[in-house]
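# A structural walkthrough
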Amino acid sequence: MSTGRALAAATLALLLAACGDSATPDTAALGDATAPVPAGLEDGCPPDDTPLRLATGDLPTGAVGVRLCPGPPTVGYDGTRHGPFVQPVTDELTTGIEPLVDLVNGLPEYEPGACPLDGGAHIVYWFRYPDGDARAVAYGERGCHTLTTGENLMRERGEDLATAFADALRAQRATARPSATPPAPTRPPECPLPTNETPLSVLPQVPLDLTRATWCQGGPRRTRSATVPPRLLRRLEEGLLGKRARGRDTCEPVGYVQSIEGTTSWGDRVSYWVLSDCRIHVRVGYGRDTNMATFEAAPDLIAALRALPPTSVLRHP
């Protein structure tokens with residue numbers, strides 16, 4: 001499989017069902033202002049098909065927490081749920097919230113125009129209030145990049161909120177420590193199935209932060225996996241990713257999909273796609289031109305990953 005086909009396989013679930021231009025998204029199906037407050041929102045995300053409790057106008061001020069959760073899935077005519085599958089962020093943002101509210105309320109209202117509407121994920125930001133209320137803001141990561149912020153109210157430049165939330169959460173994490181019992185699995189993550197239905201974090205995945213990792217190397221009808229030992233894991237964190245790649249890739253491309261599947265100290269599920277002997281594709285942001293970027297990779301560390309003895313083989317049609 002060529003590099004182009006490998007990338008296509010990796011991102012297939014992220015680019016579903018492109019629709020025509022100048023269409024208005026159907027926001028009525030997401031929820032309304034009368035939808036109930038999800039139970040247990042302070043401790044975790046509700047199911048991804050939970051109706052969204054929207055604001056009646058501007059997003060109210062005074063929120064005490066913001067939680068990033070998967071939004072409503074894309075469901076096919078036959079009832080099949082399609083990706084991309086979003087991993088809930090386990091820690092709630094509790095600092096720097098009011099600037100996010102001001103940002104949302106200050107974005108321009110959406111004017112339908114010539115932009116592609118596709119089946120990209122809805123990422124939901126649940127704003128929680130001290131009186132027990134909560135209001136949802138849904139971000140359509142691709143297509144028109146809109147925010148559904150209230151009943152019959154959509155705003156443009158949704159990636160501004162996604163970026164601001166990620167920056168605020170990163171700042172909060174810098175002054176805190178992960179839970180003593182982190183949500184990361186005790187075993188290294190499994191290699192994703194060819195259908196790419198594994199929930200992944202939608203937070204930027206740089207700088208590299210891995211507590212567990214699996215090396216995955218695809219083939220015509222099977223995927224071999226290998227657990228990355230702690231010593232090599234430390235070497236990856238210290239030197240795998242270099243600066244952003246520029247110009248033509250002169251290294252040997254991969255024959256089939258190769259990736260590093262990992263979890264971070266905060267329980268985020270991350271994935272790094274190997275393009276060649278010296279380049280890796282990584283999520284760095286949200287939508288438009290900031291979603292993915294290619295980085296220079298250390299060839300000796302890529303070689304060390306490929307040399308790991310396989311711990312399991314996943315066979316597929």
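Structure's up top.
Residues numbered from 1 in each chain as written. Predicted model: local features only at pLDDT ≥ 70, side-chain atom pairs only at ≥ 80, totals over all residues. Heavy atoms only, no water.

Attention now goes to the sheet that holds strand E6 (residues 122-128). Ordered in space as E3-E6-E7-E8-E9, the five strands form an open sheet in which the pairing is antiparallel. Both outer strands of the open sheet, strand E3 (65-70) and strand E9 (153-155), are each paired with one neighbouring strand and no more. Between one strand axis and the next, the sheet turns through 25° on average, direction left out of account. Bridge analysis of strand E7 (residues 134-140) against strand E8 (residues 147-150) gives two bridges, and the strand direction is antiparallel. (Pairing = 2+ DSSP bridges. Helix = DSSP H or I, 4+ residues; strand = E, 2+ residues; numbered from the N terminus. Axes fitted to C-alpha atoms, helices over the stretch in contact; angles between N-to-C directions.)

The next subject is the environment of Glu98. Among the structural elements, Glu98 can be located in helix H2 (residues 98-106). When the C-alpha positions of Glu98 and Pro60 are compared, they lie 9.8 Å apart, and in sequence the two are 38 residues distant. A polar side-chain atom of Glu98 sits 3.3 Å from the main-chain amide nitrogen of Gly62. (Polar contact = N/O pair within 3.5 Å; in protein donor to acceptor, adjacent residues only side chain to side chain.)

Applying the stated criterion to the full structure yields one aromatic pair. Each ring, one from Tyr125 and one from Phe165, has its centre 5.2 Å from the other, and the planes form 65°; the classification is edge-to-face. With Tyr125 in strand E6 and Phe165 in helix H3 (residues 158-174), this pair connects stretches of sequence that are 40 residues apart. With respect to burial, Tyr125 and Phe165 carry one shared label: buried. (Phe/Tyr/Trp six-rings, centres within 6.5 Å; stacked < 30°, edge-to-face > 60°. Buried < 20%, exposed > 50% of the residue type's maximum accessible area, 1.4 Å probe, protein only.)

Overall, antiparallel pairing links the eight strands, which are arranged E12-E16-E15-E14-E13-E10-E11-E17 in an open sheet. Here the strands that pair on one side only, and so sit at the sheet edges, are strand E12 (241-244) and strand E17 (312-315). Along the sheet, successive strands turn relative to each other by an average axial angle of 30°, direction set aside. Summarising the sheet, strand E14 (residues 269-276) and strand E15 (residues 279-283) pair through three bridges and their orientation is antiparallel. Directly across from Val274, in E15, lies its bridge partner Ile280.

A word on H2. Listed as buried for H2 are Leu100, Val101 and Val104. Looking down the long axis of H2, one finds its buried residues gathered within 100° of arc, a one-sided arrangement. Looking at H2, the residues exposed on the side facing more than 90 degrees away from the buried face are Pro99 and Gly106. Turning to H2, the residues buried within the fold contact E6, E8, E9 and H3. (Arc of directions from axis to C-beta. Contact = heavy atoms within 4.5 Å.)

Moving on, we get to unusual backbone geometry. Going from Val206 to Pro207, the amide bond is cis rather than trans, its omega being 0°. Relative to the helices and strands, Pro207 resides in the loop between H3 and strand E10 (212-218). A positive phi angle, close to 60°, is found at Asn152, a residue other than glycine. Residue classification places Asn152 among the exposed positions, given a relative accessible area of 80%.

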